[in-house]
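# What the coordinates show
Residue-level listing of the chains:
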Amino acid sequence: MPALQKYTHPLWQEYRPGVFEWFGLTGSGGKTAMQVGFHSANSRENLDMLVGKGVRLRRIEEADLARMVEWWNRPDVWENFLYKFPLSHGGQVIWFKNLFQNQRCLFLIIETIDTRQPVGTIGLDSIDHVNQTAECGNLMIGNNESKGMGFAREATLLLLTYGFYRLNLNRIFLNVLADNVRAIELYKNCGFREEGKLRQAFFDQGAFKDILVMAILRDEYRHAVP
Ligand SMILES: CC(C)(COP(=O)(O)OP(=O)(O)OC[C@H]1O[C@@H](n2cnc3c(N)ncnc32)[C@H](O)[C@@H]1OP(=O)(O)O)[C@@H](O)C(=O)NCCC(=O)NCCS
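Residues numbered from 1 in each chain as written. Predicted model: local features only at pLDDT ≥ 70, side-chain atom pairs only at ≥ 80, totals over all residues.

### Concerning the overall build of the protein
Here is the rule: To qualify as a helix, a DSSP run of H or I must reach at least 4 residues; to qualify as a strand, a run of E must reach at least 2; elements of each kind are numbered from the N terminus. Partly exposed residues are those whose C-beta has more than 12 but fewer than 20 other C-beta atoms within 10 Å; with 20 or more the residue is buried, with 12 or fewer it is exposed, and the C-beta atoms are placed from the backbone. Two residues form a contact once the distance between their C-beta atoms, set from the backbone, is within 7 Å.
For the protein, the count of helices and strands is 6 helices and 11 strands. When the 226 residues of the protein are sorted by exposure, 28% land in the buried category. Partitioning the contacts of the protein with sequence separation of at least 6, the portion at a separation of at least 24 is 53%.

Rendered as structure tokens:
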């Protein structure tokens, strides 16, 4: 049974005691071992960064909008999303201006640690502090060269760790098209379970498709990551 081991980071003194801890997720078969952590406001890294081994997550900036429009409008990306309007730069500028007033939405850029290149997006939406739930969404890797390298998986684990251990969420759920095998495998790989199927809930290119509802609970996260 995989276990969540709790470590004190060697640089503990630089982190606010009691708030910032490191969690080591030890994988079976040695292929998924990773550590995730949070850089605190008083660390030497930028604010709000969630840092893993291969990627870091940071808040989106206005300078990212052009790249985001380009990524999202790629057919292989948007055919897998439940949002069907093409993005425009003007529309994204308005969206971006409202984003930071929306405390229920966290939109993040996935950036490689080695090259500091943005490679994709991920986020939480519908953050609900009463019921301690949120929706995981907007996951994508923007170019083919960066796919299949584990960036999306690590970004998802970072986001889950942040959601459960920093935002005090108890349940993180998502909706995914039932034919998006790649994403479904990734989510399962991160510990999400299928909860149900919304039959023929989505119309695309002349056919109705099913949507899977998947979720992971905080208690499950401790044990589910392979
Ligand atoms: C879904 C997406 C984010 C996955 O990105 P990725 O770079 O392939 O993901 P990773 O490299 O981190 O792969 C993680 C896991 O995905 C699964 N996976 C990757 N490629 C796969 C494939 N061809 N078939 C099945 N599963 C696959 C595996 O479980 C893999 O884990 P493993 O390498 O330990 O076996 C990416 O394909 C994408 O941007 N798709 C378009 C947008 C999208 O579908 N978003 C999700 C909307 S709900």
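There's more to say after this.
### Description of the pairing of strand 6 (residues 106-112)
To keep things clear, this is the line we draw: Here a strand pair is declared whenever DSSP counts at least two bridges between the two strands.
Buried residues dominate strand 6, accounting for 6 of its 7 residues. Here 5 bridges tie strand 5 (residues 55-59) to strand 6, and the two strands are oriented antiparallel to one another. Directly across from Leu57, in strand 6, lies its bridge partner Ile110. Between strand 6 and strand 7 (residues 118-128), which pair antiparallel in sequence order, lie 5 residues; one of them, Arg116, sits at a positive phi of approximately 60°.

### Quick notes on the site of the ligand
Counted only if it meets this: Nearness here is judged by the C-beta atom: place it from the backbone, and if it falls within 6 Å of a molecule or strand, the residue counts as near that partner.
Not every one of the 21 residues close to the ligand is listed here, only the nearest: Asn80, Ala152, Arg153, Glu185 and Leu186. Where the shell around the ligand is concerned, the elements lending two or more residues are strand 8 (133-141), helix 4 (151-165) and helix 5 (181-189). With 6 residues, helix 5 is the single largest residue contributor to the shell around the ligand.

### With respect to the confidence of the model for the protein
Spelled out, the test is: For every residue, the predictor states its confidence as a pLDDT score lying anywhere from 0 to 100.
On average, residues of the protein score 81 in pLDDT, and 77% of them reach the 70 mark or higher. Strand 9 (residues 171-177) holds the highest mean pLDDT among the elements of the protein, 98, whereas strand 2 (residues 22-25) holds the lowest, 36. This stretch, residues 1-48, has a pLDDT under 50; its non-local contacts, to residues over four places away or in other chains, come to 66 contacts.

### Some words on the pairing of strand 11 (residues 207-217)
Strand direction decides the pairing type here: strand 9 and strand 11, joined by 7 bridges, are antiparallel. In the strand pairing of strand 11, Ile172 is matched with Ile216. Relative to strand 11, strand 10 (residues 193-204) runs antiparallel, the two being bridged by 8 bridges. In the strand pairing of strand 11, Gly196 is matched with Val213. In this structure, the hairpin formed by strand 10 and strand 11 is closed by a connection of 2 residues, where Gln205 is found at a positive phi of approximately 50°.

### Concerning the nonpolar core
Most often, soluble globular proteins keep nonpolar side chains buried together rather than apart. In plain terms, the rule: For this analysis, nonpolar core means a set of buried Ala, Val, Leu, Ile, Met, Phe, Trp, Tyr and Cys residues linked through C-beta atoms within 7 Å.
With 38 residues, the main nonpolar core has Leu57, Leu108, Ile110, Ala155, Leu159 and Leu160 as its most contacted residues. Mapped onto this core, the elements with two or more residues apiece are strand 5, helix 1 (65-72), strand 6, strand 7, strand 8, helix 4, strand 9 and strand 11. Here this core takes 8 residues from helix 4, the largest share from any one element.

### Some words on the environment of Ala201
Inspection of the secondary structure assignment puts Ala201 in strand 10. Along the sequence, Ala201 and Ile211 sit 10 residues apart, while their C-alpha atoms lie 6.2 Å from each other. In contact with Ala201, not counting residues within four places along its chain, are Asp210 and Ile211.

### Some words on the packing of helix 1 against helix 3 (residues 89-99)
Here is the rule: The axes used here are C-alpha line fits, helices contributing only the stretch in contact, and every angle between their N-to-C directions lies in the interval 0 to 180 degrees. What sets the label is the angle itself: under 35 degrees gives roughly parallel, over 145 gives roughly antiparallel, 65 to 115 gives roughly perpendicular, and the rest give oblique. Note on convention: the crossing is left-handed when the near helix lies turned anticlockwise from the far helix by less than a right angle, right-handed when the turn is clockwise. Residue polarity is assigned by list, with Asp, Glu, Lys and Arg as charged and Ala, Val, Leu, Ile, Met, Phe, Trp, Tyr, Cys and Pro as nonpolar; anything else, Gly included, falls into the polar class.
Interhelical geometry of helix 1 versus helix 3 gives an angle of 120° and a closest axis separation of 10 Å. Relative to helix 3, the element helix 1 lies oblique. Where helix 1 crosses over helix 3, the two elements pack in a sense that is right-handed. Between helix 1 and helix 3, the residues in contact are Leu65, Ala66, Met68 and Val69 and His89, Gln92, Val93 and Phe96, respectively. Counted by class, the contact of helix 1 with helix 3 contains 6 nonpolar, 2 polar and no charged residues.

### What about the environment of Ser88?
The residue Ser88 is located in the loop between helix 2 (75-78) and helix 3 in this model. On the basis of neighbour counts, which here come to 12 C-beta atoms within 10 Å, the residue Ser88 falls in the exposed class. With 23 residues separating them in the primary sequence, Ser88 and Leu65 have C-alpha atoms 9.4 Å apart.

### A word on unusual backbone geometry
Leaving glycine out, the prevailing phi sign among residues is negative, and the prevailing peptide bond configuration is trans. Here Ser126, not a glycine, exhibits a phi torsion of approximately 50°, which is positive. The residue Ser126 is located in strand 7 in this model. The phi dihedral of Asn138 falls on the positive side, at around 60°, and the residue is not glycine. Here Asn138 shows up in strand 8. Residue Asn138 is classed as buried on the basis of its 20 C-beta neighbours within 10 Å.

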